[in-house]
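These are the residues of each chain, in order.
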Amino acid sequence: DGDQGRREEGKGSECHLCRRKRPSVREQNDVGLRELGEMSGEGMDKEKEKEKDSKSEEEKIVNKRVAGERRRSGETTATVEERECKRLKQIDHLPAAEDIKREDYPSKNAYKKALKDLRKLKQKLLNKEQVKNERKAKQQERLEKRRKAKDSLSEDEVKAIKKRAKDNYNEKKQVKEEKRKRLLDAQTSAPTVVIDLEFGKYMTDTEMRSLVHQLMYCYSSNGKSERPLHIMLSGLSDPVGKYIKETNGYKNWVMTMEDGSYLDALPDRRDDLVYLTADSENLVESIDPSKVYIIGGIVDRNRHKLLCQKKAEEQGIATGRLPIREHVNLQSSTVLTTNQVYDIILKFHECKDWATALKAVIPTRKLKKEPSNQK
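Criteria and cut-off values
As a convention, each chain's residues are numbered from 1 in the sequence order in which they are written. The model is predicted, so local features are restricted to residues of pLDDT at least 70 and side-chain atom pairs to those at 80 or more, both for listing and for counting; the totals for chains, interfaces and linings are taken over all residues. Processing note: side-chain calculations cover all non-hydrogen atoms of the structure and skip hydrogens and water entirely. Confidence of the prediction at every residue is given by pLDDT, a number between 0 and 100. Any two residues having at least one pair of non-hydrogen atoms within 4.5 Å are treated as being in contact. Strand pairing requires that DSSP identify at least two bridges connecting the strands. In this description a helix means any DSSP run of H or I spanning at least four residues, a strand means any run of E spanning at least two, and both kinds are numbered starting from the N terminus. An axis is simply a line fitted to the C-alpha atoms; with a helix, the fit covers only the stretch in contact. Between two such axes, the angle follows the N-to-C directions and lies from 0 to 180 degrees. In this scheme, a helix's expected span is set at 1.5 Å multiplied by one less than its residue total. Exposed residues in this analysis have more than 50% of their type's maximum accessible area, buried residues have under 20%, and partly exposed residues fall in between, with area computed by a 1.4 Å probe over protein chains only.

## A look at the confidence of the model for the chain
Low-pLDDT stretches of the model should not have their predicted coordinates read in fine detail. On average, the chain scores 79 in pLDDT, and the residues at 70 or more come to 73%. Confidence drops under a pLDDT of 50 for residues 1-10, and excluding neighbours within four residues, the segment shows 16 contacts in the predicted structure. Overall, residues 35-44 carries pLDDT values under 50, and its contacts beyond four positions in sequence, including any with other chains, amount to 10 contacts.

## Considerations on the sheet that holds strand 7 (residues 292-296)
Spatially, six strands are ordered 5-4-3-7-6-8 in an open sheet, and the strand pairing comes out parallel. The strands lining the two open edges of the sheet, one partner per strand, are strand 5 (256-258) and strand 8 (318-320). Across this sheet, the average inter-strand angle for adjacent strands is 25 degrees, counted without regard to direction. The pairing of strand 3 (residues 192-196) with strand 4 (residues 230-234) spans five bridges and is classified as parallel. Note that in strand 4 the partner of Val 194 across the bridge is Met 232. Packed onto the sheet, helix 9 (residues 205-224) meets strand 3 and strand 4 and runs at close to 160 degrees relative to strand 4. Sitting on the sheet, helix 14 (residues 338-351) is in contact with strand 3, strand 4, strand 6 (273-276) and strand 7, with an inclination near 155 degrees to strand 7.

## Considerations on helix 7 (residues 108-152)
Its 45 residues place the ends of helix 7 66 Å apart at the C-alpha level, agreeing with the 66 Å of an ideal helix rising 1.5 Å per residue. Looking at helix 7, one finds that the buried residues are Ala 114, Leu 115, Leu 118 and Leu 125.

Now the structure itself:
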């Protein structure tokens, strides 16, 4: 507050690290007015044109970057140029350790902190520059190797390499088309699995992002499967939908997406809906193609109990639970992540065996170790 007051009065302030005077608000305004005059053509003359020609190589680089930055944004020349100069010569702008005097600081700890901050900043800038130079050197080395390898090849070898690259591209394209065809066929012939995304109010931003990653895993597993299911995402108007729409390529996902509830999307199939929840007393013995199975899309670290069960009861929907306890022994509760529940259903759809599907999906750390018979 004190610094802000001094700057408004025109006195400026000092940086606690380098003790250099910062410009006041009035001085900044004056600089801005001068810049406006220069930009309008009032300050341009022949001497400035000569100075531009005599600029160093480093200043020319800055000018090129400034021109590009100014075209992309409405910033003034001085603002962009100052930032670029600082980026190119940050270490030169830092004060030396000898310039930081003990008498300039109110206490010994403040003086030590200033020295420590200076050392940290210098090391950080040096490390950053070193990493950048190493990356640049490796890239140059790779380019040089490629150039030498290409020069040493005969014309027939170059043609063979191009043909191989083209064959690989066509093969990947064919695999992608086959995957898309399987997913499109699944929308009309395979069982439907709905992922309910209407639980955004129970999750934090981090948990909603985690749920989006789980949905990406679901889609990836479905695409790799030879017998994919029909996925429907419902409740995209909920806060979770905002994070899904920020995901790159989500519009290319081959699945059904509904802004509203699954009740609105499937009004004629209300009797076929089965909400999967670990709290249900009804056991799902097999995946019925005539049913629509709903998975609650929620990441809550098991804070909220009976959420899916209560929602299904309020909506008058049948519930069911997967036969996890009947086929595997877990160390903790049978509550699994959204993508794990989906992968279990997908695996059972492929192999028609719950034990195989569960052991293939559930992490081994959650399974109880069988006691050995050794004495």
